[in-house]
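Listed here are the chains, written in short residue letters.
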Amino acid sequence: PFASDILGNKKSHNILLMGNEASLDLILSSLQQLLGDTTQVTVTDSIRVWTEIKQQQNMDQHSLLIVVPDTDTEEPQSDLIQRIIMSAASEEDSVNRNIYVSHGSLDVLKKCKDFLGEDPPILSNGLRKCIVASDSKTSATLFLPSWAENVHPTQLNDAEMDPWLNIASEELLEE
């Protein structure tokens, strides 16, 4: 599902926000197999994210920015996610941005729903995607990774029943 968004539109810039670094190697190896050299993949932290987003705007090829949070900050992760998504949506340019949020905490993902609005997400390539603002070219997709150690089966059930959330299995990531 990531590949169709990343490769589908030449001027599409994509951001994957991760809850921690634990699955970074799995994601990078899967993306390398999937995307090859067709997409510029950059890994950054929450402190340098703005510089990287601005650099993405100048690229003519597909790009994917993977943001791993800085563990030294006291900012709640849901606030960081909101800040990045809302800033990307407020950019006044013609760039399509797909933001994927993968987080092992169901509570953090549920807090993200608060700023995504009351309109239900659209279904795109089998994923529930939220359009961030009515005139925005920015969408956000929320994932609860099923392989995360702290995810209980009841949380997976809750996420599956929630129209704003998607379950990310290792198989889905490798597709």
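Data block above holds the structure.
Throughout what follows, the structure given in this document is the object of discussion. (Residues numbered from 1 in each chain as written. Predicted model: local features only at pLDDT ≥ 70, side-chain atom pairs only at ≥ 80, totals over all residues. Heavy atoms only, no water.)

A short note on the pattern of salt bridges
Taken as a whole, this structure holds 1 salt bridge when the rule is applied. For Asp162, the salt bridge goes to Lys113, with nearest N and O atoms at 2.6 Å. A residue pair is termed long-range when its members are at least 10 positions apart, and Asp162 in the loop between α6 (153-161) and β8 (165-168) and Lys113 in helix α5 (residues 106-116) qualify at 49 residues. Under the relative-accessibility criterion, Lys113 is labelled partly exposed at 21%. (Salt bridge = Lys/Arg side-chain N within 4 Å of Asp/Glu carboxyl O. Helix = DSSP H or I, 4+ residues; strand = E, 2+ residues; numbered from the N terminus. Buried < 20%, exposed > 50% of the residue type's maximum accessible area, 1.4 Å probe, protein only.)

So, helix α4 (residues 77-90)
Between the first and last C-alpha of α4 there are 20 Å, a value that for 14 residues agrees with the 20 Å anticipated at 1.5 Å per step. Among all positions in α4, only Ser78, Leu80, Ile81, Ile84, Ile85, Ala88 and Ala89 are buried. Axial view of α4: buried residues confined to an arc of 165°, hence all on one face. (Expected span 1.5 Å × (residues − 1). Arc of directions from axis to C-beta.)

So, the nonpolar core
Formed by 30 residues in total, the largest nonpolar core has its most connected members in Leu17, Ile81, Ile85, Val101 and Leu116. Those elements giving two or more residues to this core turn out to be β1 (12-18), α3 (49-57), β3 (62-68), α4, β4 (96-102), α5 and β7 (138-145). Among the nonpolar cores identified, the runner-up in size contains 13 residues, and Leu31, Leu64, Phe143 and Ala168 belong to it. (Core = buried A, V, L, I, M, F, W, Y, C linked by side-chain atoms within 4.5 Å.)

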